[in-house]
Amino acid sequence: MFDKSCKNLLVRGVNWIGDGVMTLPALKALRKAMPEAKISLLVKPWVSPLFEKDPNIDEIIIYGDKYKGIIGKIKLSRMLNKKKFCSAILIQNAFDAALITFFAGIKERAGYNRDSRGHLLTTAVPVPRNKGKVHQINYYLNLLDKLGINAGYSAPYIYLTLDERLEARKFLQDLKRPILGINPCATYGSAKRWFPERFAEIANWFISDTGGSTIIFGGKSEVDIADEIYKKSIPEFRTSHSLMNLAGKTSLRELISLISECDVFLTNDSGPLHIAYAVRTPMVAIFGSTDPQLTGPPPEEDGDSNVVITPDLPCSPCFERTCKKNDMRCMYAIISDDVYFGIKKILPDKPAVFFDRDGTLCQDAGYLNKYDDFQVFKDINNVHLLKEKGFKLIGITNQSGIAKGIVNEEFVKEINSVFIKQYGFDDFYYCPHNPDDHCPCRKPEPDMLLRARGKHRIDLKKSFVVGDKEADMLLARAVGAKGILVQTGEAKESQYADFIAKDLKEAVDWILEKVS
């Protein structure tokens, strides 16, 4: 059994962007199981930016070119030895990972028993018999489970700073909304790539139909594909307001933040596909030679903001890099009409007003845990005016009292349901976690709003956030909504607020004035 008392843990991460995203739940589970440990992640340089802002990682060690060859591996092992790791978990499957940690003298080395490396591991976990039938996320979580680490499922999430979000938004400010992001590339091979002329057809339809714009993404080796799409677009759409070609022009962190700013994303099975669901951008994913049950968007907790399109052919999935029949019939079978219908199905188009609860909708009682302390503000009935204007009403509240054992979770749900049943709210989200968990749903992290966007098709750029705390205003900034601070709770001013209202009524009046 793995020693969870280890205070200095090395994790050998995977080598590819998509795989890296799919390991994020395992890294989160490790942090939860070993909160006092220093967790260092050894990864290749091209995948390391995925983890730069992740609070579950304490140190990133770059496995760069200077460690190539036998001499390089010896140098890397010596460097790791000096760091005095007590244990290593090898998420990567390669023999190389076991060899390096063995030479580094790390006492405990755990990983899957594959690639002829079992004799180099102190704990060799059998490869699950159903490996080819379960999602890759669960494959990584299973490794931890077999080591005695409770690895419950969580959705992958890539952390972005507010500055990164704002810089991406500023970069795209000349583009018309809504924005469709397109990733026509797939590093694995041509069998995973839909055709450039069909991507161009989708871009033309989207710009014409919505009045919005399209961004073409791609790596430096994929510029030709992106250029072909650009050239096949309608000439009048090739303007700085309607079409942008960024292939080969972004770093990985820039790519992540730009995808997060798209309203909808269209992609082949590739690294950007995994980035899109990990930043919660609604997505249409095209699969031909590969299986979405193994590497597609993971199951969602709320709604269905991802659409997967596959061909109904006996040869798919074949898992080949190139089509052995030389006819690419799986990709020909996926027609543009079906893809565009998928985009229209998930494209966010509804405005919403997001309300904090305690101090905004009702008195802030500290940790509200009994009905005697539940006092709704008298002007709350004004929110029905927003419903009449077509706004969705969504509640969002941090409830760390649940994790601290102060507040009963069922009581939180009961209170939230009052706003749905009596005041016309469409939904109510809450974060039950402790602030020290650094979860993606605790405000000002935007996961609650992003989940609501997917479920209710909310256009966040046309929405508002009303709250009484600085975290609420930072949340509004993070998603591009307007922030309104109400002076009925904790804060009386905020540098991030677009408007400061004395109460709920004044906040509603300001919103109605803005949309009139």
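What you see is a predicted model; the values in this text were computed from it and never measured. (Residues numbered from 1 in each chain as written. Predicted model: local features only at pLDDT ≥ 70, side-chain atom pairs only at ≥ 80, totals over all residues. Heavy atoms only, no water.)

Participant: Would you mind showing me how to read helix α8 (residues 223–232) here?
Facilitator: Because the α-helix completes a turn every 3.6 residues, residues three or four places apart line up on one side. When α8 is considered as a whole, its buried residues turn out to be I225, A226 and I229. The buried residues of α8 occupy one face: seen down the axis, they fall within an arc of 95°. Exposed side chains of α8 directed beyond 90 degrees from the buried face belong to D224 and K231. In this structure, the buried side of α8 is in contact with α7 (196–210), β8 (213–216) and β9 (243–245). (Buried < 20%, exposed > 50% of the residue type's maximum accessible area, 1.4 Å probe, protein only. Helix = DSSP H or I, 4+ residues; strand = E, 2+ residues; numbered from the N terminus. Arc of directions from axis to C-beta. Contact = heavy atoms within 4.5 Å.)

Participant: Sorry if this is basic, but what is going on with the packing of aromatic side chains here?
Facilitator: Two measures describe an aromatic ring pair: the distance that separates the ring centres and the angle between the ring planes. For the coordinates displayed, the defined rule picks out 20 aromatic pairs. Here Y112 and Y139 contribute two aromatic rings whose centre-to-centre distance is 4.5 Å and whose plane-to-plane angle is 20°, an arrangement assigned as stacked. A residue pair is termed long-range when its members are at least 10 positions apart, and Y112 in strand β5 (residues 108–112) and Y139 in helix α5 (residues 136–146) qualify at 27 residues. Here F425 and F428 contribute two aromatic rings whose centre-to-centre distance is 5.9 Å and whose plane-to-plane angle is 25°, an arrangement assigned as stacked. Summarising the burial analysis for this pair, F425 and F428 share the class buried. One aromatic cluster is present, formed by F355, F374, F419, Y423, F425 and F428 through successive ring pairs. (Phe/Tyr/Trp six-rings, centres within 6.5 Å; stacked < 30°, edge-to-face > 60°.)

Participant: Looking at this model, I keep getting lost on the sheet that holds strand β13 (residues 352–355). Mind explaining?
Facilitator: The strands that make up a sheet pair up through hydrogen bonds in the backbone, lying either parallel or antiparallel. Strand order in this open sheet of six strands is β15-β14-β13-β16-β17-β18, and the pairing throughout is parallel. With one partner strand each, in any of the chains shown, β15 (427–431) and β18 (499–501) form the two edges of the open sheet. Neighbouring strand axes in the sheet, compared pairwise and without regard to direction, differ in orientation by 20° on average. Across the sheet, helix α16 (residues 447–456) is in contact with β13, β14 (392–398), β15 and β16 (464–467); its angle to β15 comes to roughly 150°. Running at roughly 175° to β16, helix α17 (residues 470–479) makes contact with β14, β16 and β17 (482–486) of the sheet. (Pairing = 2+ DSSP bridges. Axes fitted to C-alpha atoms, helices over the stretch in contact; angles between N-to-C directions.)

Participant: What is the right way to read unusual backbone geometry from this model?
Facilitator: It is generally the case that most residues other than glycine have a negative phi and that most peptide bonds are trans. Along the chain, R177 connects to P178 via a cis peptide bond; the corresponding omega equals 0°. A cis amide bond links K443 with the next residue in sequence, P444, at an omega value of 15°. As for its position among the elements, P444 is in the loop between β15 and α16. Residue H438 is not a glycine yet carries a positive backbone phi of 50°. Within the element layout of this structure, H438 appears in the loop between β15 and α16.

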